[in-house]
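Coordinates in review
Residue-level listing of the chains:
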Amino acid sequence: MANVINSSDQITLIAIGPMTNIAALLIKDPSIASKVTLVSMIGSIYKGYNGALQPMVEYNVKMDISAAQKVLSADWISIRLAPLDTAGMIQLTGAKFSKIKKQMDDPLVQSLLNNFLIWAQSRKWIQSDQGLDDLPATSMLFDCEAIYLALPRNHSTLLEIASLPILVDDQGYTIVSENGRKMECAIGWKNLKGFTQLLVERLCTPPLANL
């Protein structure tokens, strides 16, 4: 957070967890929001987990509702949201996941997959003596969409983006309200297959070629 405070430039802040630390930053210096574009995987506007046709209280909000209220009502340059409506649908399966698993000679991919394996074993998706080849798919890759929304590109080619006034209520729902703060929300996919293909290409391309 010191980098945010000390920066003299406009910056993009990516938030992919509960908002506790960002709320603390705003308490310390509310003016910090005026030089920051916030991009976050948070909330559930029209759909919930696993494509449920009703909104739910999303984890990052639930863990600190008051912090989410403070952060999503602050005077950022702009806010881009990756809610469950779209972020909760991202998963690599079949040939796409297999292609990632063949990149174990890349130290970054190797670290990513090894951490995923530890997580999968801890969640009892597979037994402790099983490996990556026993996993048919990734978990939901919620946070990847927030990274995509932070990239300087036309996001509407893959996503349906709506400018909505969003408010976090006291139960932790991210609702559309006339009292909310306007933000750009990814509420639907135009081309989810295209996004997952882009994700695989990024992971399977040497880092310098991605720059």
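Here, every reference points to the structure presented above.
Reading the values: rules and limits
- Residues numbered from 1 in each chain as written.
- Predicted model: local features only at pLDDT ≥ 70, side-chain atom pairs only at ≥ 80, totals over all residues.
- Heavy atoms only, no water.
- Helix = DSSP H or I, 4+ residues; strand = E, 2+ residues; numbered from the N terminus.
- Rg over C-alpha atoms; globule rule 2.2 N^0.38 Å.
- Buried < 20%, exposed > 50% of the residue type's maximum accessible area, 1.4 Å probe, protein only.
- Areas by Shrake-Rupley, 256 points an atom, 1.4 Å probe, with all protein chains shown as cover.
- Lys, Arg positive; Asp, Glu negative; His and termini not counted.
- Charge placed at Lys NZ, Arg CZ, Asp CG, Glu CD.
- Core = buried A, V, L, I, M, F, W, Y, C linked by side-chain atoms within 4.5 Å.
- Contact = heavy atoms within 4.5 Å.
- Pairing = 2+ DSSP bridges.
- Axes fitted to C-alpha atoms, helices over the stretch in contact; angles between N-to-C directions.
- Phe/Tyr/Trp six-rings, centres within 6.5 Å; stacked < 30°, edge-to-face > 60°.
- Disulfide = S-S within 2.5 Å.

**Quick notes on the overall build of the protein**
The number of helices and strands found in the protein is ten helices and six strands. Against the compact-globule benchmark of 17 Å for 211 residues, the protein has a radius of gyration of 18 Å, which places it among compact chains. Of all 211 residues assigned to the protein, the portion counted as buried reaches 44%. Carbon and sulfur atoms make up 53% of the accessible area of the protein, which totals about 11200 Å². Here the protein holds 18 positive side-chain charges and 19 negative ones, and the gap between their average locations is 4 Å.

**Section: the nonpolar core**
Counting 30 residues, the largest nonpolar core has Leu92, Ile100, Leu135 and Tyr148 as the members making the most contacts within it. Those elements that provide at least two residues to this core are α5 (84–87), α6 (94–101), α7 (107–122), α8 (142–150), β6 (181–189) and α9 (192–203). No other element matches α7, which puts five residues into this core. Setting aside anything within four residues of it in sequence, one finds Tyr148 in contact with Arg153, Asn154, His155, Thr157, Leu158, Leu159, Phe195 and Leu198. Among the nonpolar cores identified, the runner-up in size contains 29 residues, and Ala15, Ile32, Ala68 and Leu72 belong to it.

**Brief notes about the pairing of strand β3 (residues 78–81)**
Here β3 shows one buried face, formed by Ile79 and Leu81, and one open face, formed by Ser78 and Arg80. For strand β2 (residues 36–40) and β3, the ladder comprises four bridges, and the chain directions are parallel. Paired with Thr37 across the strands is Ser78, a residue of β3. When β3 meets β6, the two strands line up parallel, connected through two bridges. When the bridges of β6 are listed, Leu81 appears paired with Cys185.

**Some thoughts on the sheet that holds strand β1 (residues 11–15)**
The strand order across the open sheet built from six strands is β1-β2-β3-β6-β4-β5, with neighbouring strands paired in mixed fashion. In this open sheet, the two edge strands, each paired with only one partner strand, are β1 and β5 (174–176). Within the sheet, the average angular offset between the axes of one strand and its neighbour, ignoring direction, is 35 degrees.

**Thoughts on the packing of aromatic side chains**
Scanning the model with the defined rule gives seven aromatic pairs in all. Centre to centre, the rings of Tyr49 and Phe142 are 6.2 Å apart; their planes meet at 80 degrees, and the pair counts as edge-to-face. Taken together, the residues Tyr49 in the loop between β2 and α3 (59–62) and Phe142 in helix α8 connect sequence positions 93 residues apart. Taking 5.1 Å as the distance between ring centres and 75 degrees as the angle between the ring planes, the aromatic pair formed by Trp119 and Trp125 counts as edge-to-face. Trp125 sits in the partly exposed class, given a relative accessible area of 42%. Members of the aromatic cluster, each reached through a chain of ring pairs, are Phe97, Phe116, Trp119 and Trp125.

**Considering unusual backbone geometry**
Its identity as a non-glycine residue notwithstanding, Asn50 has a phi of 60 degrees, on the positive side. Relative to the helices and strands, Asn50 is located in the loop between β2 and α3. Judged by its relative accessible area of 70%, Asn50 falls in the exposed class.

**Some details on the state of the cysteines**
All chains considered together, the criterion is met by zero disulfides. Take Cys185: it sits in no disulfide, and the sulfur closest to it among the cysteines is that of Cys144, at 19 Å.

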